[in-house]
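# Per-entry structural report
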Amino acid sequence: DLQLSSRVQAIKPSPTLAVTNKAAELRAAGQDIIGLGAGEPDFDTPDHIKEAAIEAIKAGQTKYTAVDGTPALKKAIIAKYKRDNDLEYEANQILVSSGGKQSFFNLALATLNKGDEAIIPAPYWVSYPDMVLVAEGKPVIIETGPETRFKITPEQLESAITDRTRLFVINSPSNPSGMAYTLEELKAIGEVLKKHPQVMIATDDMYEPILWTGAAFCNILNATPELYDRTFVLNGVSKAYSMTGWRIGYAAGPAKIIGAMKKIQSQSTSNPSSISQAAATAALDGPQDCVKEMVTAFKERHDYLVKALNELPGVECLVGDGTFYVFPSFQGAIDADSAVGNDVEFAEKLLKDAGVALVPGSAFGSPGHMRLSFATSMKNLKEAISRLQKALG
Ligand code: PLP
């Protein structure tokens, strides 16, 4: 019998990828499925970014690069942090990785010992708890709901912190809730963190530009600059520039830990693709109107979807701040259906009977909800709503 490590047995495959795969399977079998499970923009990568990659290939940039990223990309990242976030970094404080997922994976492996606690607010991006588990850390989940717009309170954070807490993760705007913390809310959270120097902070800013609150984007460091020496700012080009397949994410933070993350990466994947790095450099240094165009489309779809969802029986949906997700409660609809007991069964039923693929809230630590991605055409969204109307009767 082939032995599996306890490490791999402690984790599960990504549930969002699983829904996308299941929908693809049913589609391949001839069923008409509308997928609202996708975690990626439906737009093509902008042409000037593709051109930069083609140029890089022609110029022979097809070899290993420095493990932590090409000098050109690191320079573009440092300029981006300065320009957009008013944050100063040196080159040894930056690590480029194969996607934002690897940035967080490196961070968990570099900072957590067995049993160390990582505080993760729910609903959370599905991968945080499992990556903490791979690092043999202990995910400590703080639950939130619609009454606080799915955001934690300073009191909740205070009571979750122990002597074993090493990491606190904050993702704003949030996958899956679509909510963003205000500067005041971040300041209040920062006050709590100031009292606990043993806690490092990871702010996952992956959805930074996909925001329509009218207020400027801000993260915990903008609110509480005193946390600079123990905060990691994670970002990437995947969502902002519709570059999920290129696999480029990046992290900035204290040089000591960034160096340790680089060491881990040097012994696992080495540098991210040289060609993708050239494309990411063009994305960060180039014109930004492509981002604005995508955000305008997302906002229009968001507005349609929130209104339409709230007209469905047993569904309640808050107006979101950004991203391309909404996270309505389906609890009323689940309770009204005697054939299903929870959100997972309800999502399966909607996939089978209505041909609509959604991700159940349980996957994000918030049962009773569903995540709907609106990274799809308005036509698909309208069809999905009409199918849900029929299914919910
Ligand atoms: N962080 C959040 C909150 C995400 O939703 C995602 C992708 O779904 C990532 C990080 C990772 O992005 P990638 O590894 O595709 O760059």
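Before reading further, recall that the structure is shown in the block above.
Throughout, a residue's number is its position along its own chain's written sequence, starting from 1. Where totals are concerned, whole chains, interfaces and linings use all residues; where local detail is concerned, this predicted model gives features only for residues with pLDDT of at least 70, and gives and counts side-chain atom pairs only at 80 or more. In computing side-chain properties, one takes all heavy atoms of the structure into account and sets aside hydrogens as well as water.

### Regarding the sheet that holds strand E5 (residues 165-171)
Strand pairing in a sheet is mediated by backbone hydrogen bonds. Such pairs are either parallel or antiparallel. What counts, and what does not: In this scheme, strands are said to pair when DSSP sees at least two bridges between them. Numbering of helices and strands starts at the N terminus; helices are DSSP runs of H or I of at least 4 residues and strands are runs of E of at least 2. Axis geometry follows a simple rule: fit a line to the C-alpha atoms, using only the stretch in contact for helices, then measure angles between N-to-C directions, giving values from 0 to 180 degrees. Note on contacts: a residue pair is in contact if any heavy atoms of the two residues lie within 4.5 Å.
Spatial strand order, E2-E8-E7-E6-E5-E3-E4: seven strands in an open sheet with mixed pairing. Each edge of the sheet is formed by a strand with only one pairing partner; in this case those strands are strand E2 (94-97) and strand E4 (138-143). Adjacent strand axes in the sheet meet at a mean angle of 20° when their direction is disregarded. Sheet analysis places strand E7 (residues 231-236) next to strand E8 (residues 249-252), joined by four bridges and oriented antiparallel. Bridging across to E8, Gly236 finds its partner in Gly249. Each of E2, E7 and E8 touches helix H4 (residues 71-85); the most contacted strand, E2, lies at about 115° to it. Sitting on the sheet, helix H5 (residues 100-111) is in contact with E2, E5, strand E6 (200-204), E7 and E8, with an inclination near 165° to E5.

### Some words on the environment of Phe327
Threshold: Buried, partly exposed and exposed residues are distinguished by accessible area as a fraction of the type maximum, computed with a 1.4 Å probe on protein chains only: under 20%, between the cut-offs, and over 50%, respectively.
Among the structural elements, Phe327 can be located in the loop between strand E9 (325-326) and helix H13 (331-336). In this structure Phe327 comes out as buried when scored by relative accessible area, which is 4%. Sequence separation between Phe327 and Tyr124 is 203 residues, and the spatial gap between their C-alpha atoms is 12 Å. Once residues lying within four places of it in the same chain are set aside, the contact partners of Phe327 are Pro123, Phe150, Pro176, Ser177, Gly361, Phe364, Ser366, His369, Met370 and Arg371.

### Digging into the pattern of salt bridges
When charged atoms on two side chains of opposite charge get close, those side chains can pair. The cut-off we apply is this: What makes a salt bridge here is a side-chain nitrogen of Lys or Arg within 4 Å of a carboxyl oxygen of Asp or Glu, nothing more.
On inspection of all chains with the given rule, the structure shows 23 salt bridges. Asp44 is the salt-bridge partner of Lys50, the closest N and O atoms lying 2.7 Å from each other. Asp44 sits in the exposed class, given a relative accessible area of 54%. Note that Lys80 is salt-bridged to Asp84, the shortest N-O span being 3.4 Å. Of this pair, Lys80 and Asp84 both sit in helix H4, separated by four residues, roughly a single helical turn. Among the charged side chains, a network of salt bridges with common partners joins Lys80, Arg83, Asp84 and Glu208.

### Here's the deal with the site of the ligand
Applicable threshold: Definition of nearness: a residue and a molecule or strand are near each other if at least one heavy atom of the residue lies within 4 Å of the molecule or strand. N or O atoms within 3.5 Å of each other form a polar contact, as long as, within protein, one can give a hydrogen and the other can take it, and as long as residues adjacent in sequence are counted only when both atoms are side-chain atoms. Shrake-Rupley sampling with a 1.4 Å probe provides the accessible areas, and residues are treated as covered by the protein chains on show and by no other component.
Around the ligand sit 13 residues in total, of which Gly100, Asp204, Ser238, Lys239 and Arg247 are the nearest. Within the contact set of the ligand, an oxygen atom lies 2.9 Å away from a backbone nitrogen or oxygen of Lys101. Here an oxygen atom of the ligand and a side-chain polar atom of Tyr207 are 2.8 Å apart. Its free accessible area being 400 Å², the ligand has 91% of it covered by the protein chains.

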